[in-house]
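Geometric and topological summary
The primary structure of each chain is shown beneath.
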Amino acid sequence: MIEAPKEIEDPNILEQQNFSTIMQNLQKETKEDGEYKIAIDMTAEGLRIQILDDAQKPLFKPGTNELEIYTKEILHKIGKTVRTLPNFVSIAGHTRSLGSGVSNNHNTDKWLLSSERANSVRKYMSDGIIDSEQIFRIVGKADIDPFDPNDPTSLKNIRITLILMKPSLVGVKKRSAPRKIFNAKKFKKLNKQTNANGKETQDNNKNNGKQNKAPAPKTPNTQSKTNKPAEKAAN
């Protein structure tokens, strides 16, 4: 009996199903924290997780890139799920419009502040929560991409965006799972072996050099013989 060939499943459908499962897990993981305002949806780039600012629970200390303690808590919860996935992560920082009449001095540099906040999230999450090689990029978007376009000054526009990138959008060299690209323990072990082998090779080369180095030929003492004709010629 000849079996009919199995239909090849569409990778885009599988990807969509995978992201749907991840979304449900993240929603369940963060449901307990009702005080956090989190929006999870699908975009053209992948699964987007947005953590919104709130008057009672600001994500950062005002005007700085310093994470509040409860921001670290929610990032840690999200990171527990993200670190088990093969997807790379994009991190973006957003600010809100300050409205007219506010001077744009160094304290209100929205581009710099949003970039520094995205980098603070990267530093925190890559410090033992997720693989540092899992982070694909960080972006500072200032106030050009508001969560609430109808109210550019809303606190909700201050937010952190994490996107689990679709593999098809990541460069060819990075399409493997991050953990397959970089294994810290394996790297350290390999690095030690490389250094040890390199040192051993250098020592062997030195020893071989000493063994193979032929003794310099003794120069015959011809000073008296060569000097006499010279003296005669000078005379």
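Residues numbered from 1 in each chain as written. Predicted model: local features only at pLDDT ≥ 70, side-chain atom pairs only at ≥ 80, totals over all residues. Heavy atoms only, no water.

What about the pattern of salt bridges?
Stated precisely, the cut-off is as follows: Only one rule defines a salt bridge in this text: a Lys or Arg side-chain nitrogen within 4 Å of an Asp or Glu carboxyl oxygen. Secondary structure elements are defined from DSSP: runs of H or I of at least 4 residues count as helices, runs of E of at least 2 residues count as strands, and each element is numbered from the N terminus. Residue burial is assigned from relative accessible area. The probe radius is 1.4 Å, only protein chains are included, and a residue is buried under 20% of its type maximum, exposed over 50%, and partly exposed in between.
One pass over the full model with this rule turns up six salt bridges. For Asp54, the salt bridge identified is with Lys37, shortest N-O distance 3.0 Å. Residue Asp54 is located in the loop between strand S2 (46–52) and helix H2 (69–82), and its partner Lys37 is located in strand S1 (residues 37–42); the two are separated by 17 residues in the primary sequence. Classification of Asp54 as buried rests on a relative accessible area of 16%. Lys61 is the partner of Glu66 in a salt bridge, and the nearest nitrogen-oxygen pair spans 3.2 Å. Classification of Lys61 by relative accessible area gives partly exposed; the value is 34%. Among the charged side chains, a network of salt bridges with common partners joins Lys141, Asp145 and Arg159.

Considerations on the packing of aromatic side chains
So the rule is basically this: Within 6.5 Å between ring centres, the rings of Phe, Tyr and Trp (the latter by its six-membered ring) count as paired, and their orientation is classed by plane angle as stacked under 30 degrees, edge-to-face over 60, tilted in between.
According to the stated counting rule, one finds one aromatic pair in the structure shown. A ring pair is formed by Phe88 and Phe136, whose centres lie 6.5 Å apart and whose planes are at 65°; its orientation type is edge-to-face. With a gap of 48 residues between them, Phe88 in the loop between H2 and strand S3 (89–94) and Phe136 in strand S4 (residues 135–140) connect regions that are remote in the sequence. Exposure remark for Phe136: the relative accessible area of 26% places this residue in the partly exposed category.

Function cannot be read off these values alone, since they describe shape.
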